[in-house]
Structures are given as C-alpha cells and as structure tokens.
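What follows is the residue order along each chain.
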Amino acid sequence: MRVISGYLKGRELLGYNVETTRPTMSRVKESMFASIQNYIGNSIVLDLFCGTGSLGIEALSMGASRCYFVDNNKDILRYLNKNINNLDINSKSTVVSKDYRDSLLYFKNNNIKFNIVLVDAPYKMEVMEEVIELVTKYDLLLDNGILVLEYSFDKLKDKYSNLELIRSKKYGDKYVNIYLKIIIN
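About the criteria used
- Residues numbered from 1 in each chain as written.
- Predicted model: local features only at pLDDT ≥ 70, side-chain atom pairs only at ≥ 80, totals over all residues.
- Heavy atoms only, no water.
- Helix = DSSP H or I, 4+ residues; strand = E, 2+ residues; numbered from the N terminus.
- Buried < 20%, exposed > 50% of the residue type's maximum accessible area, 1.4 Å probe, protein only.
- Arc of directions from axis to C-beta.
- Contact = heavy atoms within 4.5 Å.
- Pairing = 2+ DSSP bridges.
- Polar contact = N/O pair within 3.5 Å; in protein donor to acceptor, adjacent residues only side chain to side chain.

### Side note on unusual backbone geometry
For Asp88, which is not glycine, the phi dihedral falls at a positive 55 degrees. Within the secondary structure layout, Asp88 lies in the loop between helix H3 (74-86) and strand S3 (93-96). Phi at Asn144 is positive, roughly 65 degrees, even though this residue is not glycine. Position of Asn144 relative to the elements: it lies in strand S5 (residues 141-151). Overall, Asn144 belongs to the partly exposed group, its relative accessible area being 43%.

Next comes the structure, spelled out in structure tokens:
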C-alpha cells in the first residue's frame with residue numbers, strides 16, 4: 001500500500017498485510033480524499049481506529065498540520081510508528097494508544113478539537129452511531145468540521161444533532177458518509 005497523493009505520494013506504508021488490519025482500498029481512499037480535499041489544508045485531523053495510519057498519513061501528505069492517530073492494538077501501533085518514522089512526519093503526529101471511547105473522552109478533557117475526524121472501525125464492528133454520538137456530545141469537531149465514516153453494516157441517518165450528511169457513496173459492500181458540522185445560531 002502506498003500514499004496516493006500529496007508530497008508523500010508513492011511512499012510505501014508498512015503493515016497493510018497484517019492479519020488484523022483491513023486497509024481502505026486505494027480507489028475508495030482516492031475518492032474519499034478527492035471529496036474532502038478542500039477541508040484538509042492546515043487542518044487538525046483525528047484518525048480513529050487508525051490501524052497502520054493510512055488515512056491520517058494521507059491527510060498529512062495533502063497538507064494537514066497535525067494528525068492524532070488512535071488505536072489500541074499494540075502490534076499494529078508498532079507498524080504505525082514505523083510508518084511515521086519512515087515518512088519523517090513525527091513532528092505532525094501524535095499517537096494515542098487507547099480504545100475509541102477513552103480516546104474521545106481524553107480529547108474532550110484536554111480541549112482538543114478537530115477539523116476532520118476519519119473513522120474506519122474494524123470489520124463488523126458496528127460503532128458508528130456511538131462514535132457520532134460521542135463526537136457530538138463531547139463537541140470534538142470545530143465549526144464547519146467534517147466527520148468521515150467508512151463502514152459496512154451500520155444504518156446511518158442523514159442528520160445527527162448539528163451534523164448534516166453532505167455526501168454518501170457506496171463502494172461494493174462499503175459506504176463512505178461525510179457529515180458537516182453546521183453552525184447553529
């Protein structure tokens with residue numbers, strides 16, 4: 001697996017073939033990032049369930065200023081750290097070794113907010129509505145921030161609190177939904 005765009009384009013990522021990972025297919029990743037490219041420049045990104053970091057690294061390659069990578073699988077985090085070191089993006093990367101609930105609470109308690117939250121939970125893990133609820137409840141998205149969800153099984157709505165669906169696309173058995181945080185006055 002390689003970085004598909006930006007200044008790191010073509011660089012190889014380690015760990016895509018590890019048994020417990022399910023990396024985003026290149027065509028899905030390419031389409032996803034084409035849809036959100038206008039939000040990426042100088043953004044603060046959260047890559048939740050990051051695995052080996054493919055999505056967050058792509059965002060950094062396209063101009064994000066910082067990415068918080070979250071996963072609780074110690075074996076996978078070794079590959080993530082190797083990828084961060086190999087690509088020399090340490091100064092833009094923060095690795096959080098916690099499960100998704102604990103990490104979202106950690107961000108709330110430390111007043112860390114994001115322009116972009118990328119969520120690609122492990123296969124058959126139906127957590128998207130809970131993630132949406134926690135991101136909204138903890139107010140983790142900045143105004144006009146986006147929540148990008150890649151999923152297979154969850155049934156998601158077009159609107160959640162102040163999040164409004166702006167794009168939905170199906171790729172085989174996968175869906176990608178992009179929600180925008182709307183400003184309510």
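So that's the structure; there's more coming.
### Side note on helix H4 (residues 100-109)
Residues Tyr100, Ser103, Leu104 and Phe107 constitute the buried set of H4. For H4, the buried positions fall inside an angular range of 100 degrees around the axis, keeping them on one side. Those residues of H4 hidden inside the fold are in contact with strand S1 (44-48), strand S2 (66-70), S3, strand S4 (114-120) and helix H5 (128-137). Once H4 finishes, Asn111 follows within two positions and takes phi at roughly 50 degrees, a positive value.

### Overview of the pairing of strand S7 (residues 163-171)
Taken together, the two bridges between strand S6 (residues 159-160) and S7 define a ladder with antiparallel strand orientation. Bridging from a neighbouring strand, Lys159 pairs with Glu164 of S7. Judged from the eight bridges that link them, S7 and strand S8 (residues 174-181) form a sheet pairing that is antiparallel. Bridge pairing links Lys169 to Val176 in S8. What sits between S7 and S8 in their antiparallel hairpin is a turn of two residues, with Gly172 showing a positive phi close to 60 degrees.

### Considering the environment of Asn115
Checked against the element boundaries, Asn115 lands in strand S4. Measuring from C-alpha to C-alpha, the distance between Asn115 and Glu164 comes to 15 Å, with 49 residues separating the pair along the chain. Residues contacting Asn115, with those up to four places away along its chain left out, are Asn42, Ser43, Ile44, Leu141, Leu142, Gly145 and Ile146. Polar contacts involving the side chain of Asn115 include one to the main-chain amide nitrogen of Ile44, which spans 2.7 Å.

### Thoughts on the side chain of Glu58
Inspection of the secondary structure puts Glu58 in helix H2 (residues 54-61). Looking at Glu58, the relative accessible area reads 0%, which means it is buried. Only 3.4 Å separates the side chain of Glu58 from the side chain of Lys29, close enough to count as a polar contact. The residues touching Glu58, leaving out its near neighbours within four places in the chain, are Val3, Ile4, Ser5, Lys29 and Phe33.

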